[in-house]
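# A look at the structure
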Amino acid sequence: MGNRLSKITTRTGDDGSTGLGDGSRINKDHARMHAIGDVDEFNSTLGVLRATLGHDDAEDALLSLMQHHLFDVGGELAVPGFEMVTADHLAAIEAHSARLNEDLPPLKEFILPAGTLAASHCQVSRAVARRAERSVVALRHLDDAVRPEIQQYLNRASDVLFILARSLCRRDGGNEVYWQRGD
């Protein structure tokens, strides 16, 4: 791949528009840009989580895979009509969910997003994944060409992060913090 970005400051977005991968331009506050931005933010939170864990951590490969997948998600959103997210993306994330969930006890109470630093970062990533999913759902209401696989991937990604948060909390010696209903 050659140089894709030779110039970062182009000033072409100074008017409030931005370019999509197909060459078209849309307003920066368009639902598509909200979805792309939320996916980008989700990916960034995974980078923070990876830095928290360290790249020699056993779960770094999962988080790296998810980051690469999120570039596929963002690419598909940025190029209307282009398909990048496949059934393999969904199968990979589901396999990791099943693996991580094997050793966890069933939940009988809601847990708070807390426990350890890594588990808490997981929970932040999970929450941002849910926001990205909501943005994609909103975009799909406006544009039925947005494929459901994108929304499904984000849903599975948030699930695996919830499970990973529980797993990391236990692994790192923390305790899950159970919600106590206030009266």
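One can find the structure itself at the top, above this paragraph.
Below: a short report on this structure.

### A few points about the nonpolar core
Counting 42 residues, the largest nonpolar core has F42, M66, L77, Y153 and L161 as its most contacted members. Looking at this core, the elements with two or more residues in it are α1 (31-53), α2 (60-78), α3 (87-101), α4 (117-142) and α5 (148-171). Counting residues per element, this core draws most heavily on α5, at 11 residues. The contact partners of F42, leaving out residues within four places of it in the chain, are M66, L70, S125, V128, A129, L154, A157 and L161.

### Description of the pattern of salt bridges
Tallying each qualifying case throughout the model produces 15 salt bridges. Between E83 and R147 there is a salt bridge; the shortest N-O distance is 3.8 Å. Placement of E83 in the loop between α2 and α3 and of R147 in the loop between α4 and α5 is noted, with a sequence separation of 64 residues between them. For E83, a relative accessible area of 54% gives the class exposed. R171 serves as the salt-bridge partner of D172, at 2.9 Å between the closest nitrogen and oxygen.

### Thoughts on the side chain of E133
As for its position among the elements, E133 is in helix α4. Excluding anything up to four places from it in sequence, E133 contacts Q151, L154 and N155.

### Considering the packing of aromatic side chains
Throughout the structure, instances matching the rule amount to 1 aromatic pair. Between the aromatic rings of F110 and W179, the centroid separation amounts to 5.9 Å while the plane-to-plane angle is 65°, which identifies the pairing as edge-to-face. Residue F110 is found in the loop between α3 and α4, and its partner W179 is found in the segment after α5; the two are separated by 69 residues along the sequence. By relative accessible area, F110 is classed as exposed at 61%.

### A short note on empty space enclosed by the protein
One pass over the full model with this rule turns up 1 cavity of 30 Å³ or more. For the largest cavity, the full set of lining residues is I111, L112, A114, A119, Q123, A165, R166, C169 and E176. Broken down by element, the lining of the largest cavity gets its largest block of residues, 3 residues, from α5. Of the residues that constitute the lining of the largest cavity, the class distribution is 6 nonpolar, 1 polar and 2 charged.

### Description of the environment of C122
Positionally, C122 belongs in helix α4. Given a relative accessible area of 0%, C122 falls into the buried group. If we skip the residues at most four places from it in the chain, C122 touches L49, L161, L164, A165 and L168.

### A closer look at the side chain of T45
In this fold, T45 is placed in helix α1. Classification of T45 by relative accessible area gives buried; the value is 14%. Setting aside anything within four residues of it in sequence, one finds T45 in contact with S125 and V128.

Thresholds, definitions, all that
- Residues numbered from 1 in each chain as written.
- Predicted model: local features only at pLDDT ≥ 70, side-chain atom pairs only at ≥ 80, totals over all residues.
- Heavy atoms only, no water.
- Core = buried A, V, L, I, M, F, W, Y, C linked by side-chain atoms within 4.5 Å.
- Buried < 20%, exposed > 50% of the residue type's maximum accessible area, 1.4 Å probe, protein only.
- Helix = DSSP H or I, 4+ residues; strand = E, 2+ residues; numbered from the N terminus.
- Contact = heavy atoms within 4.5 Å.
- Salt bridge = Lys/Arg side-chain N within 4 Å of Asp/Glu carboxyl O.
- Phe/Tyr/Trp six-rings, centres within 6.5 Å; stacked < 30°, edge-to-face > 60°.
- 1 Å grid on protein atoms, 1.4 Å probe; cavity = no way out; pocket = protein on both sides within 12 Å on 5 of 7 lines; lining within 4 Å.
- Points joined across faces, edges and corners; volume = space filled by probe spheres on them.
- Nonpolar A, V, L, I, M, F, W, Y, C, P; charged D, E, K, R; others polar.

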